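In case you want the letters, here they are:
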Amino acid sequence: MRISRPLAAAAMAALLAAGGLPSAYAQSRTVSDAKSAVSASDQKMMAEFAQANMAEVAVAKLAQSRSSNAEIRKFAQQMIDDHGKAYEDLSQLAEDKHVTLPKEADAKHQEMLKKMNTLNGAEFDRQYAAKAGVEDHQNAKKLVDRIAKTAQDPGLKALGRKAQPIIDMHLKMAKELKP
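Residues numbered from 1 in each chain as written. Predicted model: local features only at pLDDT ≥ 70, side-chain atom pairs only at ≥ 80, totals over all residues. Heavy atoms only, no water.

Student: Is there a simple way to explain the overall build of the protein chain in this structure?
Tutor: Along the protein chain, the regular secondary structure elements total seven helices and zero strands. Starting at the N terminus and walking to the C terminus, you meet the elements of the protein chain as α-α-α-α-α-α-α. Here the protein chain holds 179 residues, and the buried ones make up 38% of them. Long-range contacts, defined as pairs at least 24 residues apart, comprise 77% of the intrachain contacts of the protein chain with a sequence gap of at least 6. (Helix = DSSP H or I, 4+ residues; strand = E, 2+ residues; numbered from the N terminus. Buried < 20%, exposed > 50% of the residue type's maximum accessible area, 1.4 Å probe, protein only. Contact = heavy atoms within 4.5 Å.)

As structure tokens, then:
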């Protein structure tokens with residue numbers, strides 16, 4: 001069946017005059033759009049969490065190649081596994097919410113990685129344990145606690161809660177490292 005243009009235009013005009021699209025369709029679009037909307041503060045926390053995870057994985061990979069200390073290498077592998085998984089989970093949430101995450105760590109983390117790249121041996125191990133181990137995990141703890149408490153997006157809040165015990169464990173492990 002073929003509808004003429006004037007008839008199609010008249011049908012569209014009648015639909016618009018009667019209130020536009022069917023209300024079920026309009027409501028489903030509004031709900032869908034609301035589900036993908038993420039506040040600016042949540043987007044900022046997502047970016048910070050992404051950068052922290054990327055940095056932790058990068059410096060841990062460096063530790064895998066630079067350290068001869070078995071305890072440091074074991075800790076580094078745990079960081080690669082756990083922070084890699086946290087980044088994957090965050091990336092999936094960001095994709096679902098149409099949020100673009102940064103592609104690399106922030107300047108502070110890049111500077112630390114650059115410095116770590118100049119170190120070797122026992123000095124590398126000491127700095128890795130202190131900076132990437134204790135200091136970065138103290139900062140990560142503050143971040144995931146803030147996410148768990150203040151995130152508006154339920155998915156992001158859940159990721160923060162999921163990360164809290166893992167970050168606590170990492171911090172404890174880092175404090176026990178003997179480089």
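Student: Would you mind showing me how to read the environment of Glu-104 here?
Tutor: In this fold, Glu-104 is placed in the loop between helix 4 (70-96) and helix 5 (107-116). As for Glu-104 and Ala-55, which are separated by 49 residues in sequence, their C-alpha atoms are 7.9 Å apart. Not counting residues up to four positions away in its chain, the partners in contact with Glu-104 are Gln-51, Met-54 and Gln-110. For Glu-104, the side chain forms a polar contact with the side chain of Gln-110, separated by 3.2 Å. (Polar contact = N/O pair within 3.5 Å; in protein donor to acceptor, adjacent residues only side chain to side chain.)

Student: How should I be thinking about the packing of aromatic side chains in this particular structure?
Tutor: Ring pairs (aromatic) are described by centroid distance and by the angle formed between their planes. Using the criterion set out here, one finds two aromatic pairs in the structure. Plain terms: the ring middles of Phe-75 and Tyr-128 are 6.0 Å apart, the flat faces sit at 70 degrees to each other, and that makes the pair edge-to-face. Placement of the pair is Phe-75 in helix 4 and Tyr-128 in helix 6 (residues 121-150), with a sequence separation of 53 residues. A residue is classified by how much of its surface remains accessible, and Phe-75, at 2% relative accessible area, is buried. (Phe/Tyr/Trp six-rings, centres within 6.5 Å; stacked < 30°, edge-to-face > 60°.)

Student: Looking at this structure, how should I read the side chain of Asp-42?
Tutor: Assignment of secondary structure puts Asp-42 in helix 3 (residues 40-66). If near-sequence neighbours (up to four positions away) are discounted, Asp-42 is found in contact with Thr-150, Ala-151, Gln-152, Asp-153 and Leu-156.

Student: Would you take a moment to explain helix 7 (residues 154-176) for this structure?
Tutor: Because each turn of an α-helix spans 3.6 residues, side chains separated by three or four positions end up pointing in the same direction. For helix 7, which comprises 23 residues, the first-to-last C-alpha distance of 34 Å matches the rise-based estimate of 33 Å (1.5 Å per residue) to within 8%. Bending of helix 7 peaks at approximately 30 degrees at the position of Gln-164, with proline Pro-165 no more than four residues after it. Among the residues making up helix 7, those that are buried are Leu-156, Lys-157, Leu-159, Gly-160, Ala-163, Ile-167, His-170, Leu-171 and Ala-174. Its buried side turned inward, helix 7 meets helix 3, helix 4 and helix 6. Where helix 7 begins, the capping side chain belongs to Asp-153, and its oxygen is found 3.0 Å from the backbone nitrogen of Gly-155. (Expected span 1.5 Å × (residues − 1). Bend = angle between axes of the 7 residues up to and from the residue.)

Student: Hey, could you run me through the packing of helix 3 against helix 6 in this one?
Tutor: Packed helices, taken two at a time, are described by their axes: the angle between them and the distance between them. Running from N to C, helix 3 and helix 6 point in directions that differ by 160 degrees, and their axes come no closer than 10 Å. One finds that helix 3 runs roughly antiparallel with respect to helix 6. The crossing of helix 3 and helix 6 is left-handed. On the side of helix 3, the interface is formed by Asp-42, Met-45, Glu-48, Phe-49, Glu-56, Val-59, Ala-60, Leu-62, Ala-63 and Arg-66, while helix 6 contributes Gly-121, Phe-124, Tyr-128, Ala-132, Asp-136, His-137, Leu-143, Val-144, Arg-146, Ile-147 and Thr-150. In the contact of helix 3 with helix 6, the residues fall into 12 nonpolar, three polar and six charged. (Axes fitted to C-alpha atoms, helices over the stretch in contact; angles between N-to-C directions. Parallel < 35°, antiparallel > 145°, perpendicular 65-115°, else oblique. Left-handed = near helix turned anticlockwise from the far one by under 90°. Nonpolar A, V, L, I, M, F, W, Y, C, P; charged D, E, K, R; others polar.)

Student: Would you take a moment to explain the pattern of salt bridges for this structure?
Tutor: Between side chains of opposite charge, a pair can form when the charged atoms approach closely. Tallying each qualifying case throughout the model produces 10 salt bridges. Of the charged contacts in the structure, one is a salt bridge between Glu-48 and Arg-146, with a shortest N-O distance of 2.6 Å. Residue Glu-48 is found in helix 3, and its partner Arg-146 is found in helix 6; the two are separated by 98 residues along the sequence. Given the relative accessible area of 23%, Glu-48 is considered partly exposed. Residue Arg-146 is classed as partly exposed on the basis of its relative accessible area of 33%. A salt bridge links Lys-85 to Asp-89; the shortest N-O distance between them is 2.7 Å. You can see Lys-85 and its partner Asp-89 sitting in helix 4, four residues apart, about one turn around the helix. (Salt bridge = Lys/Arg side-chain N within 4 Å of Asp/Glu carboxyl O.)

Purely geometric numbers; function is a separate question.
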